[in-house]
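Secondary and tertiary structure notes
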Amino acid sequence: MPAVLEGLKAKIHCPMCTRTVDGLAIPEVRLGRSRLRVMPGQKCLRCHASLDAGYVLELLPEPAPVSKGGRRAA
Ligand SMILES: [Zn+2]
């Protein structure tokens, strides 16, 4: 059964143009430790190089749910 790849929005460092671009990361458990790796098959938004060789800098925060007309309770 193929594992479901669940992409997480992340900042990914592109080794080709040495810029940080938005991309998808997937959690990978190796040797009992969980780490993040670049989801395979992505291309850099800037230089169109493969991001497979890049690395994940950080995850982007999930977009906060928008509360309409809500007032923050002080
Ligand atoms: Zn690039």
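Everything below is about the structure shown above.
A short tour of the structure in this document, coming up. These numbers were taken from a predicted model, which means no experiment stands behind them.

Before going further, it helps to spend a moment on the overall build of the protein chain. Helix and strand counts for the protein chain stand at 0 helices and 4 strands. Along the protein chain, from the amino end to the carboxyl end, the secondary structure elements read β-β-β-β. Relative to its full complement of 74 residues, the protein chain shows a buried share of 12%. Considering only residue pairs separated by 6 or more positions, the protein chain has 45% of its internal contacts joining residues 24 or more positions apart.

Turning our attention to the sheet that holds strand β1 (residues 8–13). Strand order in the open sheet formed by 4 strands is β3-β2-β1-β4, and the pairing between neighbours is antiparallel. Each edge of the sheet is formed by a strand with only one pairing partner; in this case those strands are β3 (33–38) and β4 (55–59). Going across the sheet, the axis of each strand differs from the next one's by a mean of 50°, ignoring polarity. With 6 bridges connecting them, strand β2 (residues 20–30) and β3 associate as antiparallel partners. If you follow Pro27 over to β3, its bridge partner there is Leu36.

This brings us to the environment of Met39. Counting through the fold element by element, Met39 comes out in the loop between β3 and β4. As for Met39 and Gly7, which are separated by 32 residues in sequence, their C-alpha atoms are 6.9 Å apart.

On to the nonpolar core. By size, the foremost hydrophobic cluster in this structure holds 7 residues: Ala10, Ile12, Cys14, Ala25, Val38, Leu51 and Val56. Ala25 has contacts with Gly7, Leu8, Ala10, Ile12, Leu36, Arg37, Val38, Met39, Val56 and Leu59, leaving out every residue within four places of it along the chain.

A few words on the pairing of β2. Within a regular beta strand, the side chains point alternately toward one face of the sheet and then the other, so they alternate between its two faces. As defined by bridge partners, β1 adjoins β2 across 6 bridges and the pair is classed as antiparallel. Directly across from Ala10, in β2, lies its bridge partner Gly23. Where β1 hands over to β2, the hairpin turn is made up of 6 residues, of which Thr18 adopts a positive phi near 50°. Following β2, the chain reverses through 2 residues before pairing antiparallel with β3; Leu31 in that reversal takes a positive phi of roughly 55°.

Reading the values: the criteria
Residues numbered from 1 in each chain as written. Predicted model: local features only at pLDDT ≥ 70, side-chain atom pairs only at ≥ 80, totals over all residues. Helix = DSSP H or I, 4+ residues; strand = E, 2+ residues; numbered from the N terminus. Buried ≥ 20, exposed ≤ 12 C-beta atoms within 10 Å, placed from the backbone. Contact = placed C-beta atoms within 7 Å. Pairing = 2+ DSSP bridges. Axes fitted to C-alpha atoms, helices over the stretch in contact; angles between N-to-C directions. Core = buried A, V, L, I, M, F, W, Y, C linked by C-beta atoms within 7 Å.

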